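One letter stands for each residue in the lines below.
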Amino acid sequence: MAGWEAAPAKVNLYLHVTGRRADGYHLLDSLVAFAGAGDRLRLEPAGALSLALEGSEGATLAAEPDNLVLRAARLLAEAAGIPASGRLRLEKNLPVASGIGGGSADAAAALRLLDRAWGLGTAPEALAALAARLGADVPVCLECRATRMQGVGEILSAAPAMPECGILLANPRLPLPTPAVFRARRGDFTPPAVLPSGWADAAAMARSLAACRNDLEEAAISLCPPVAEVLAALAALPGCLLARMSGSGATCFALFPDAGSAESAAAILPEAWWRWGGGFTNPPLPAYSALAGGA
Ligand SMILES: C[C@@](CO)(OP(=O)(O)O)[C@H](O)COP(=O)(O)OP(=O)(O)OC[C@H]1O[C@@H](n2ccc(N)nc2=O)[C@H](O)[C@@H]1O
Ligand SMILES: Nc1ncnc2c1ncn2[C@@H]1O[C@H](COP(=O)(O)OP(=O)(O)O)[C@@H](O)[C@H]1O
């Protein structure tokens, strides 16, 4: 039986809203990276499909029938024409509804884990299509490594070569639902970013990213003013190279030269906040990659 499958936190290093589709969904351009922080998912042998929640944030999310992990499991089983089975255990460490895609990462982890455990060998493109049906962020979470995301999340391409870099995540423990933030957004659209093929070090990456923005930051602050306090606290940390909000918030991130300085800086932040400091995760996952040109 498979071990723990990692569901790392997704970080939008920049997020440009470039347009809007006729159905109301927003067109995005975003560089997405994955932090060492995350949830974990495990499958144990059992008959009927079930889900048990554990971990520091587990109590905030009931094992309701529409949990994204169960939806992913049922969708995969249905596509394969098999009954969904097994006892899933989700260790929930990421705050819920916080702009770091915990639910999307869990759904993607469920697709990877169950495809393997059920011996399905689903083609990467077919798995990515199932992922897109579960949420706009699930395809990029299936990749699980630094990726450029466009369209509403379905157009994925290789990220610039990422340097060694530390990342700190901080959330004021206030949930912020994604639809409300998109609804509150005002202003023009932003063109897609122009990115180099890679960065020599974290400082060069931060300088380049500083020319980009998160187009949802203003809307998130209007709905949840403490986001501005988190951003100010991060920007003031010694060694901080860039402070910005991730996704639709309320989690904000700060970049540091290395994982050790991000970890030390996290300890300075208020204990009442959810905070994490460390490095990025960038594993090669060729078996599940639907990126043009493969891994
Ligand atoms: C904003 C982003 C950036 O990575 O992240 P989060 O803040 O959610 O982590 C994502 O695009 C979110 O993806 P995801 O969380 O999967 O969104 P979904 O469940 O598909 O959509 C929730 C709702 O957000 C709005 N939505 C979402 C994505 C998009 N490109 N345009 C939208 O307008 C729609 O109102 C939709 O009904
Ligand atoms: N396994 C899950 N983890 C987190 N949220 C989930 C999960 N399953 C369903 N949800 C629902 O999805 C919504 C978005 O959750 P999440 O992915 O954490 O948000 P965000 O992408 O903003 O970080 C939550 O409000 C929650 O009710």
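It should be emphasised that the depicted structure is a prediction, and the values quoted were computed from it without experimental measurement. (Residues numbered from 1 in each chain as written. Chains lettered and ligands numbered in written order. Predicted model: local features only at pLDDT ≥ 70, side-chain atom pairs only at ≥ 80, totals over all residues. Heavy atoms only, no water.)

A. Main features of the site of ligand 1. As a structural note, the neighbourhood of ligand 1 is formed by 19 residues, with Lys10, His26, Ala136, Thr178 and Ser248 the closest of them. Contact distances for ligand 1 include 2.5 Å between an oxygen atom and a side-chain N or O atom of serine 248. Protein chains bury 82% of the 700 Å² of accessible surface belonging to ligand 1 in isolation. Looking at the shell around ligand 1, the elements that each hand over two or more residues are β1 (5-20), β2 (26-48) and α5 (178-184). When residues of the shell around ligand 1 are assigned to their parent elements, the largest contribution, three residues, is made by α5. When grouped by side-chain class, the residues that make up the shell around ligand 1 number seven nonpolar, ten polar and two charged. Here the shell around ligand 1 spans two domains, and each of domain 1 (5-158) and domain 2 (166-281) adds at least three residues to it. (Near = heavy atom within 4 Å. Polar contact = N/O pair within 3.5 Å; in protein donor to acceptor, adjacent residues only side chain to side chain. Areas by Shrake-Rupley, 256 points an atom, 1.4 Å probe, with all protein chains shown as cover. Helix = DSSP H or I, 4+ residues; strand = E, 2+ residues; numbered from the N terminus. Nonpolar A, V, L, I, M, F, W, Y, C, P; charged D, E, K, R; others polar. Domains from an automatic or database assignment.)

B. Here's a closer look at the UniProt feature "binding site: ATP" (unreviewed entry) in the chain. The sites that carry the UniProt feature "binding site: ATP" (unreviewed entry) are, in the present numbering, Pro95, Val96, Ala97, Ser98, Gly99, Ile100, Gly101, Gly102, Gly103, Ser104 and Ala105. Structurally, alanine 97 is set in the loop between β4 (85-91) and α2 (102-117). With residues up to four places along the chain from it excluded, the contact list for alanine 97 reads Pro175, Leu176 and Gly249. (UniProt positions renumbered as here; feature names shortened; annotations may be inferred. Contact = heavy atoms within 4.5 Å.)

C. Just the pattern of salt bridges, in detail. Applying the stated criterion to the full structure yields 15 salt bridges. Arginine 148 is paired through a salt bridge with aspartate 29; the nearest N and O atoms lie 2.9 Å apart. Of this pair, arginine 148 sits in strand β5 (residues 147-151) while aspartate 29 sits in strand β2; the two residues are 119 residues apart in sequence, bridging distant segments of the chain. Within this structure, Arg42, Glu44, Glu54, Arg87 and Arg89 form a network of salt bridges that share partners. (Salt bridge = Lys/Arg side-chain N within 4 Å of Asp/Glu carboxyl O.)

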